Amino acid sequence: MRIYPKCYLKKVTDITPEYLVENNIRGLILDVDNTLLDFNLKIIDGLEKWHDNIKKSGVKCIILSNSNKTEKVKMVADLMKISYIKFAKKPLKIGFNKAQKELNIPSENIAVVGDQIFTDVIGANRSKMFSILVEPIAEKDLWMTRIKRPLENLIIRNYLKKIGREK
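Let us look at the structure shown here. Keep in mind that what you see is a predicted model, and the values were worked out from it rather than measured.

### Section: unusual backbone geometry
Piece 1. At the junction of lysine 90 and proline 91, the peptide bond is cis and its omega measures out at 20° in the coordinates.
Piece 2. Residue position: proline 91 is located in the loop between strand E4 (84-85) and helix H4 (93-103).
Piece 3. Positive phi values are uncommon outside glycine, yet phenylalanine 87 reaches one of about 45°.
Piece 4. One non-glycine residue with positive phi stands out, namely lysine 89, at about 65°.
Piece 5. You can see lysine 89 is positioned in the loop between E4 and H4.

What follows is the structure, given as structure tokens:
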């Protein structure tokens, strides 16, 4: 089903190079808000070390964000020394296609990592990419996201039941 991720993890730093190799992933498209950065602009602990390990394994990364706040997205991209696409209009395919072209990797070898089903997971699945849903790093969200969270939580509970895992 298009609303379910291929993988559900606590945080982005739980993604290992070994897991990516096992799933034939050579590129990562990363969300920013509540995936790499909280509402107060605090970057997730261990991000730089995690990214160094991912890079050493040969996996390319790019940021794809719906945010139109250039400085916020650029700050994370500069820290990781990767490129970014802002105002991506996820779940529309246009941003995912741009990221795929920039990575220059076939879509089936790209994973999309984000904290939202209705933007990151659905967009990844529609773009024939491997979707990895992570828990939001903070409870505080933008108002638009806060409205969707209860429905997303219901979908996640059903997904976890389906795969035989509890949250």
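### Focus: the sheet that holds strand E5 (residues 110-114)
Piece 1. Pairing in this open sheet of six strands is parallel, and the strands run E1-E6-E5-E2-E3-E4 from one edge to the other. Strands at the two margins of the open sheet, each flanked by one partner only, are strand E1 (7-9) and E4.

### Things to note about the packing of aromatic side chains
Piece 1. Inspection of the entire model under this criterion finds two aromatic pairs.
Piece 2. When the ring of tyrosine 4 is compared with that of tyrosine 159, the centres are 5.4 Å apart and the planes differ by 45°; the resulting orientation is tilted. Remark: tyrosine 159 occurs in helix H6 (residues 143-162) and tyrosine 4 occurs in the segment before E1; sequence separation between them is 155 residues.
Piece 3. By relative accessible area, tyrosine 4 is classed as buried at 16%.
Piece 4. Among the residues examined, tyrosine 159 registers a relative accessible area of 8% and is labelled buried.

### Structural notes on the pairing of strand E6 (residues 130-134)
Piece 1. Judged by how many residues are buried, E6 sits mostly within the fold: five of five residues are covered.
Piece 2. Handedness of the β-α-β unit built from E5, helix H5 (residues 117-126) and E6 comes out right-handed.

### Considering the packing of helix H2 (residues 47-56) against helix H3 (residues 70-80)
Piece 1. Two elements in contact, H2 and H3, have axes separated by 10 Å at closest approach and are oriented at 55°. Of the possible angle classes, the one that applies to H2 and H3 is oblique. In contact with Leu47, Glu48, Trp50 and His51 of H2, H3 contributes Val76, Leu79 and Met80.
Piece 2. Residues of the contact of H2 with H3, tallied by class, amount to five nonpolar, one polar and one charged.

### A word on H4
Piece 1. By the burial criterion, the buried members of H4 are Gly95, Phe96, Ala99 and Leu103. Projected onto a plane normal to the axis of H4, the buried residues spread over an arc of 100° and lie on a single side.
Piece 2. Structurally, H4 contributes buried residues whose contacts are with strand E2 (27-30), strand E3 (60-64), E4, E5 and H5.
Piece 3. Positioned one or two residues after H4, asparagine 104 has a phi angle of 60°, which is positive.

Definitions and cut-offs
Residues numbered from 1 in each chain as written. Predicted model: local features only at pLDDT ≥ 70, side-chain atom pairs only at ≥ 80, totals over all residues. Heavy atoms only, no water. Helix = DSSP H or I, 4+ residues; strand = E, 2+ residues; numbered from the N terminus. Pairing = 2+ DSSP bridges. Phe/Tyr/Trp six-rings, centres within 6.5 Å; stacked < 30°, edge-to-face > 60°. Buried < 20%, exposed > 50% of the residue type's maximum accessible area, 1.4 Å probe, protein only. Right-handed = clockwise from strand over helix to strand, strands pointing away. Axes fitted to C-alpha atoms, helices over the stretch in contact; angles between N-to-C directions. Parallel < 35°, antiparallel > 145°, perpendicular 65-115°, else oblique. Contact = heavy atoms within 4.5 Å. Nonpolar A, V, L, I, M, F, W, Y, C, P; charged D, E, K, R; others polar. Arc of directions from axis to C-beta.

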